[in-house]
Amino acid sequence: MTLKALIFDIDGTLAETEEFHRLAFNKAFNEAGLPWYWNQAVYGRLLKVTGGRERILAYAEETCTPGIDAATLHKSKTGFYKHAMAQNTIELRDGVERLIKVGLENGLALAIATTTSRPNVDSLFAATLGADVLSRFQSVRTGEDVAAKKPDPEVYQLVLDDLGIKPEEGYAFEDSANGLKAARKLGIPTLVTPGIYTRDDDFSGADCITESLGNLFEPSAELSPRNPDQLLAVLASKGRAVA
Ligand code: XBP
Ligand code: MG
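Please read all numbers here as calculations on a predicted model, not as lab measurements.

Draft legend 1. Main features of the coordination of the magnesium ion (ligand 2). Each protein donor to the magnesium ion (ligand 2) is listed here as Asp9 (OD), Asp11 (O) and Asp175 (OD); together their distances run 2.1 to 2.2 Å. Counting the intervening residues between successive donors of the magnesium ion (ligand 2) yields the motif D-x1-D-x163-D.

Draft legend 2. Up close: the packing of aromatic side chains. Using the criterion set out here, one finds 13 aromatic pairs in the structure. A centroid spacing of 5.1 Å and a plane angle of 20° characterise the contact between phenylalanine 8 and phenylalanine 173, whose relative ring orientation is stacked. Taken together, the residues span a long stretch of sequence, with phenylalanine 8 in strand S1 (residues 5-8) and phenylalanine 173 in strand S4 (residues 170-174) at a distance of 165 residues. Neither phenylalanine 8 nor phenylalanine 173 differs from the other in exposure class; each is buried. Look at phenylalanine 25 and tyrosine 43: their rings are 5.9 Å apart centre to centre, the planes differ by 50°, and that puts the pair in the tilted class. Taken together, the residues phenylalanine 25 in helix H1 (residues 18-31) and tyrosine 43 in helix H2 (residues 40-46) connect sequence positions 18 residues apart.

Draft legend 3. Just the sheet that holds S1, in detail. Pairing within the open sheet is parallel, and its 6 strands lie in the order S3-S2-S1-S4-S5-S6. Bordering the open sheet on either side are strand S3 (139-141) and strand S6 (208-209), each of which pairs with just one other strand. Of the strand pairs in this sheet, strand S2 (residues 109-113) and S3 are connected by 3 bridges, and their pairing is parallel. By the bridge assignment, isoleucine 112 is partnered in S3 with valine 140. Relative to the sheet, helix H5 (residues 96-105) contacts S1, S2 and S4, its axis offset from that of S1 by approximately 150°. Where helix H9 (residues 177-185) meets the sheet, it contacts S4 and strand S5 (190-192), and its direction lies at approximately 170° from that of S5.

Draft legend 4. The arrangement of the site of ligand 1 in detail. Taken together, 20 residues sit near ligand 1, with Gly52, His74, Lys77, Thr114 and Ser117 positioned nearest. Here an oxygen atom of ligand 1 sits 2.8 Å away from a polar atom, N or O, in the side chain of lysine 77. One of the side-chain nitrogen or oxygen atoms of threonine 116 is found 2.8 Å away from an oxygen atom of ligand 1. Its atoms largely coinciding with the cavity grid, ligand 1 occupies the largest pocket. Looking at the shell around ligand 1, the elements with two or more residues in it are H1, helix H3 (52-62) and helix H4 (70-87). The biggest single contributor to the shell around ligand 1 is H1, with 3 residues. Partitioning the shell around ligand 1 into residue classes produces 4 nonpolar, 10 polar and 6 charged.

Draft legend 5. Expanded view of H9. Taken as a whole, H9 has its buried residues at Ala177, Asn178, Gly179, Leu180, Ala182 and Ala183. Trailing H9 by a residue or two, glycine 187 shows a phi angle of about 85°, which is positive.

Draft legend 6. Quick peek at the nonpolar core. Of all hydrophobic cores here, the largest spans 34 residues; its most connected members are Leu6, Phe8, Leu99, Phe125 and Phe137. Broken down by secondary-structure element, the contributors of at least two residues to this core are S1, H4, H5, S2, helix H6 (118-127), helix H7 (131-134) and S4. A total of 4 residues in this core trace back to one element, the largest contributor, which is H5. In this structure, phenylalanine 137 is in contact with Phe8, Ile100, Leu110, Ala111, Ile112 and Phe125, ignoring residues within four places of it in sequence.

Draft legend 7. A look at empty space enclosed by the protein. One pass over the structure, following the stated rule, counts 1 cavity of 30 Å³ or more. Size it by volume and the largest cavity reaches roughly 30 Å³.

Parameters at a glance
Residues numbered from 1 in each chain as written. Chains lettered and ligands numbered in written order. Predicted model: local features only at pLDDT ≥ 70, side-chain atom pairs only at ≥ 80, totals over all residues. Heavy atoms only, no water. Donors = N, O, S within 2.8 Å, 3.2 Å for Na, K, Ca; no water. Phe/Tyr/Trp six-rings, centres within 6.5 Å; stacked < 30°, edge-to-face > 60°. Helix = DSSP H or I, 4+ residues; strand = E, 2+ residues; numbered from the N terminus. Buried < 20%, exposed > 50% of the residue type's maximum accessible area, 1.4 Å probe, protein only. Pairing = 2+ DSSP bridges. Contact = heavy atoms within 4.5 Å. Axes fitted to C-alpha atoms, helices over the stretch in contact; angles between N-to-C directions. Near = heavy atom within 4 Å. Polar contact = N/O pair within 3.5 Å; in protein donor to acceptor, adjacent residues only side chain to side chain. 1 Å grid on protein atoms, 1.4 Å probe; cavity = no way out; pocket = protein on both sides within 12 Å on 5 of 7 lines; lining within 4 Å. Sits in = over half its atoms within 2 Å of the grid points. Nonpolar A, V, L, I, M, F, W, Y, C, P; charged D, E, K, R; others polar. Core = buried A, V, L, I, M, F, W, Y, C linked by side-chain atoms within 4.5 Å. Points joined across faces, edges and corners; volume = space filled by probe spheres on them.

Here it is, written out as C-alpha cells:
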C-alpha cells in the first residue's frame, strides 16, 4: 500500500504541551476561587481522561465538588493556555519539523487528529511553525469535531474521510495509549513517541515505538526519501516493532 498521509496528534507528540495545559488549568481554578491544584502526579492520572472539560468533570465527581460549570472553567483555561503559548518559547519535539518538511517534499497529505481544542492548535502553531504551515494541513480535526474523544476512533475517521484515503494509506504519530488505540481501531499504522506523561502507557499494537521522531533521520544520510515508499520503509525499519 502506498503512503499518502501523515496524521499527527498534538499534545505530547508535536510538543510537550501538557505542562502548559496543567498550569493553565490551575490558573483557571485559582481565578474561579476553587481550592483545586493539579500537581504533576494528579495531572498524570487525570490525563487518562481525554478532553479538558471532561477532565474537569471527572475531578469534580472524584472530589464531590457540586455546581462546577465545566464549560466556563474550560473556556477560562483555554484563555490561560493561549497566553502561555504566546508568552513562552515553545520547542517542537525532536524531528517533528523535519518530518513535516519531508512529508511536504514528498507530496504527502498532512493532517491533525487531536483531542485538544482548536484554539490550542492555532496557538501552538502560532508559537512554532506559524499559521501558514498549519494552512498546508489538508485536515485538522479537534475535540470540538467529535462526540466521543480518543480512544474513540471518531477523530481519525473524520481525517480519513477528509483526505479520502484508506486507513493503511496513512501513518499516525501519537504519544499516548488513548491516541494509539484510536488510530489502531481503524487500522491506521501508528508510530508512538512516548511523552513525559505517557511513557508508562501500554503501547501494545504500535507499529513503531521510538524515543523521538529525530531517530527517523539518523544516520542523516538515510532519510532523504525521494518517494513516500522510502519514508514508509524507514518508518517500518526504525521503530521497535511491537508484536
Ligand atoms: C491531549 C488531551 C487534551 C489536552 C488538553 O490531546 O487529551 O485534552 O490534554 O486540551 P491530544 P483541552 O489528543 O492532542 O494528545 O483542554 O483543549 O482538551
Ligand atoms: Mg497526545
